[in-house]
Amino acid sequence: MTQKTLTQMAVEVLTTADGREKTALSHKYAAEWFATRDAGTPLPVSEAEPPLRPARPEKPELLDPRDVPRRRPGSPEGRKAILHAVAHIELNAVDLHWDIIARFGHIKMPLGFYDDWVKSADEESKHFNMVCDCLEAMGSHYGAMPAHAGMWRAAEDTVDDIMGRLAVVPMVLEARGLDVTPGMIEIFKKAKETATIEALEVIYAEEVGHVAYGSKWFHFLCGRHDLDPKDEFHRLVRTYFHGALKPPFNEEKRAEAGLPPDFYWPLADQTPVKKRGS
Ligand SMILES: [Fe+2]
Ligand SMILES: [Fe+2]
């Protein structure tokens, strides 16, 4: 039996289209990686050729964000739409974590780098399935409505730049998740939808870790290349991220994840009303 390498496994996940199949494979390979790590015989990382874009199911239809219909969060339809959008984000997140593994196999990194992203991909796979289960319990499913087409753009823009990838994906996009999830949990609390509240609370707790891994490995690479982390973060976000960051920020959870205010406030959309005095 020829043993697969970690980057080959990552490519297999990326090229699997169906969400439930993709996440089942993701769980299986995460378990294999950690079993070999625990045994002291880690799988080789090696190098592979990931597709520019991951395989996706036929549904949902992917639309320009401006064309995705908005629904009132107070209605059951509105809550289904929110959950559908979350499922879409989670599926993209599964691919984003396997993609950073597959895409940058040529850059020598400590094994802990792979542990962190395999664990993140495993958690995102669980998030996707939990949210799909909630959607299905509400009589809907992933694919029942259109979803945002732009979600893979950050990956394509940073296809040659591992530090740009870390700056934009975990440290900007996933950090944004920490800002908006408490408000989402409130919406489902008002509707007393217990299963969804529990799912979102698991997601909220585990996403802190993903942002923290981003910050950890970003700082590691800044150290390797003798770069100032804050200046480099600002430069990379301005290069690869389109638009300003949106306050209000969840300063507490961001701090927990190793993101200090002087990283994100200078990149924020600060209207005179929102501008802080200090
Ligand atoms: Fe997630
Ligand atoms: Fe995440």
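For the chain, the name recorded in an unreviewed UniProt entry is Ferritin-like domain-containing protein, with Thalassovita mediterranea as its organism.

### What to know about the environment of His-210
By secondary structure assignment, the location of His-210 is in helix α7 (residues 194-224). C-alpha of His-210 to C-alpha of His-225: the two residues are 15 residues apart in sequence and 23 Å apart in space.

### What to know about the nonpolar core
Counting 67 residues, the largest nonpolar core has Ala-10, Ala-87, Val-131, Ala-167 and Met-171 as its most contacted members. Counting residues per element, this core draws most heavily on helix α3 (residues 76-103), at 12 residues. Excluding anything up to four places from it in sequence, Ala-87 contacts Phe-128, Val-131, Cys-132, Leu-135 and Tyr-142.

### Remarks on unusual backbone geometry
Across the junction of Lys-59 and Pro-60, the peptide omega takes the value 5°, indicating a cis bond. Within the secondary structure layout, Pro-60 lies in the loop between α2 (19-38) and β1 (62-63). Of note in this structure, Ser-46 is not a glycine but carries a positive phi near 55°. Along the chain, Ser-46 falls in the loop between α2 and β1. Owing to 12 C-beta atoms within 10 Å, Ser-46 belongs among the exposed residues under this scheme. The backbone of Asp-226 shows a phi angle near 55°, a positive value even though the residue is not glycine. For Asp-226, the position within the fold is in the loop between α7 and α8 (229-240). Residue classification places Asp-226 among the exposed positions, given that 6 C-beta atoms sit within 10 Å.

### Observations regarding the packing of α7 against α8
One way to put it is that α7 packs onto α8 with a least axis distance of 10 Å and a crossing angle of 110°. If you check the angle between α7 and α8, you find them roughly perpendicular. In contact with Phe-218, His-219 and Cys-222 of α7, α8 contributes Pro-229, Glu-232 and Phe-233. Taken together, the residues that form the contact of α7 with α8 break down as four nonpolar, one polar and one charged.

### Focus: α3
Helix length check: α3, at 28 residues, gives a terminal C-alpha distance of 40 Å against a target of 40 Å (1.5 Å per residue), a fit within 8%. Across the 28 residues of α3, 22 count as buried, placing the element largely inside the fold.

### A look at the packing of helix α6 (residues 162-190) against α7
How two helices sit against one another is set out by the angle between their axes and by the gap between those axes. Two elements in contact, α6 and α7, have axes separated by 8 Å at closest approach and are oriented at 160°. In terms of orientation, α6 and α7 fall into the roughly antiparallel class. Seen from above, α6 lies across α7 with left-handed handedness. Its residues assigned to classes, the contact of α6 with α7 comprises 22 nonpolar, six polar and four charged.

Each value, and the rule that gives it
- Residues numbered from 1 in each chain as written.
- Chains lettered and ligands numbered in written order.
- Predicted model: local features only at pLDDT ≥ 70, side-chain atom pairs only at ≥ 80, totals over all residues.
- Helix = DSSP H or I, 4+ residues; strand = E, 2+ residues; numbered from the N terminus.
- Core = buried A, V, L, I, M, F, W, Y, C linked by C-beta atoms within 7 Å.
- Buried ≥ 20, exposed ≤ 12 C-beta atoms within 10 Å, placed from the backbone.
- Contact = placed C-beta atoms within 7 Å.
- Axes fitted to C-alpha atoms, helices over the stretch in contact; angles between N-to-C directions.
- Parallel < 35°, antiparallel > 145°, perpendicular 65-115°, else oblique.
- Nonpolar A, V, L, I, M, F, W, Y, C, P; charged D, E, K, R; others polar.
- Expected span 1.5 Å × (residues − 1).
- Left-handed = near helix turned anticlockwise from the far one by under 90°.

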